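Residue-level listing of the chains:
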Amino acid sequence: MRVVTTVPQDDLRNTAAVARQAEAAGFDGLITLENRHDPFLAHAVAALATERIELGTAVAIAFPRSPMVVANACWDLQVASRGRFVLGLGPQIRPHNEKRFSVPWSAPAPRMRDYVNALRAIWTAWEKGTKLDYRGTHYTFTLMTPNFVPPSRGFRMVPITLAAVGEHTLRLAGELADGVRLHSFCTRRYLEEAVLPRLHEGLARNNRSRSQLEITGGGFIATGPDVASVARAVEFVRMRVAFYGSTPAYWPVLELHGLGDLARKLNAMSKQGQWTEMTAVIPDDVVHLFAAVGTHQEIAGVVAQRFGGLVDTIYASANSAMQSDLPPDVLQDIHKLPTAFTGYVTPW
């Protein structure tokens, strides 16, 4: 099983040192988020500071950016990292697209299909020197003069992973993407009964095997060197579960466990601005549904119970404010857990 962690984005002067430390410790990948900061810039720094570790966005918001703009950024990061960059894309929800980014909204799964196909068409034209002639439902790219074609450096096509929550995006990820990035608001039972079946339906549509799709995430990790640090991590997870549980889009996870009343209570409290009080109503057993909880000495075994046989890669930190300090020997123990994914299968 692979383990990835976050890299600082709030001050790029701190990025290089943390990236080098993560690589030396044995992490498999560094990820960036698109919350308060741009998801691509930190990877430019990390690419030059490291030699082995994978770099990826988890995720960049797709629709506010033209695929051509994203294609250029990814190409340059792939060159700078010498082939280690992986693009993670997500649609975000309608209010953020319309009111935060001021872009029109449409059904996300069909549009994301078009987006991914457009990216691959652009990269193929650049790499192979062929005419760019992509005509999709949402995107059309037919102009590419030689002056605007970046030179080929012979690296693999950038793998594309997709954030997926609903059944349509899960199927799309299985059918089209190199990997899927699952939301942390997820339980093992939900993975087994709702997520994996939809991914396998998508794989079957394109005659793909499970070994060709990397499954990342699907839960929280609450760990630390001692009981007190684990307790602090658990409280952070409790807060996140309360926050996500108040949102109707995530209620199917709670409903599966007979927790619909809790979901509606959280929603009502959120509308009253009772954010602190919301956290207090999440019992310990619900926290443990969503997280692998244990000290560094225990966590590899707990990860095996919580994620084993279902996912290939886990996030070692809940967000950049909880930068993981997993020691190398713990990472090695997690690395020993078997997974289905055998590697990205990309052109060239």
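A quick note: this is a predicted structure, and the numbers were derived from the prediction, not measured. (Residues numbered from 1 in each chain as written. Predicted model: local features only at pLDDT ≥ 70, side-chain atom pairs only at ≥ 80, totals over all residues. Heavy atoms only, no water.)

How should the pattern of salt bridges be read in this particular structure?
Side-chain pairs of opposite charge can arise whenever the charged atoms involved come near each other. According to the stated counting rule, one finds 20 salt bridges in the structure shown. Note that R2 is salt-bridged to E54, the shortest N-O span being 3.0 Å. Taken together, the residues R2 in strand β1 (residues 2-6) and E54 in strand β3 (residues 54-57) connect sequence positions 52 residues apart. What makes R2 partly exposed here is its relative accessible area of 22%. Between E201 and R171 there is a salt bridge whose closest N-O contact spans 2.5 Å. One end of the pair, E201, is in helix α7 (residues 188-205); the other, R171, is in helix α6 (residues 167-176), and 30 residues separate them in sequence. Judged by its relative accessible area of 14%, R171 falls in the buried class. Salt bridges sharing partners connect three or more residues here, namely E167, R171, R198 and E201. (Salt bridge = Lys/Arg side-chain N within 4 Å of Asp/Glu carboxyl O. Helix = DSSP H or I, 4+ residues; strand = E, 2+ residues; numbered from the N terminus. Buried < 20%, exposed > 50% of the residue type's maximum accessible area, 1.4 Å probe, protein only.)

Which parts of the structure should I look at to understand the environment of Q305?
Checked against the element boundaries, Q305 lands in helix α13 (residues 296-307). Overall, Q305 belongs to the exposed group, its relative accessible area being 61%. A sequence separation of 117 residues divides Q305 from R188, and the C-alpha atoms of the two residues are 9.1 Å apart.

Is there a simple way to explain empty space enclosed by the protein in this structure?
One way to see where empty space is left: roll a probe the size of a water molecule over the atoms. Under the counting rule described, the total for this entry stands at three cavities of 30 Å³ or more. Within this model, the largest cavity holds a volume of roughly 100 Å³. Every residue along the wall of the largest cavity is listed here: W75, Q78, V79, W123, E127, R153, G154, F155, R156, M157, V158 and W348. Mapped by element, the contributors of at least two residues to the lining of the largest cavity are α3 (67-80) and α5 (108-128). Per-class residue counts for the lining of the largest cavity are seven nonpolar, two polar and three charged. Size it by volume and the second largest cavity reaches roughly 60 Å³. R2, V4, G29, L30, I31, E54, G56, R181, E214, T216, T313 and Y344 together form the lining of the second largest cavity. Looking at the lining of the second largest cavity, the elements with two or more residues in it are β1, β2 (29-32), β3 and β10 (214-217). With three residues, β2 is the single largest residue contributor to the lining of the second largest cavity. A per-class count over the lining of the second largest cavity returns four nonpolar, four polar and four charged. (1 Å grid on protein atoms, 1.4 Å probe; cavity = no way out; pocket = protein on both sides within 12 Å on 5 of 7 lines; lining within 4 Å. Points joined across faces, edges and corners; volume = space filled by probe spheres on them. Nonpolar A, V, L, I, M, F, W, Y, C, P; charged D, E, K, R; others polar.)

Honestly, that's just the spatial picture; any functional story needs more than this.
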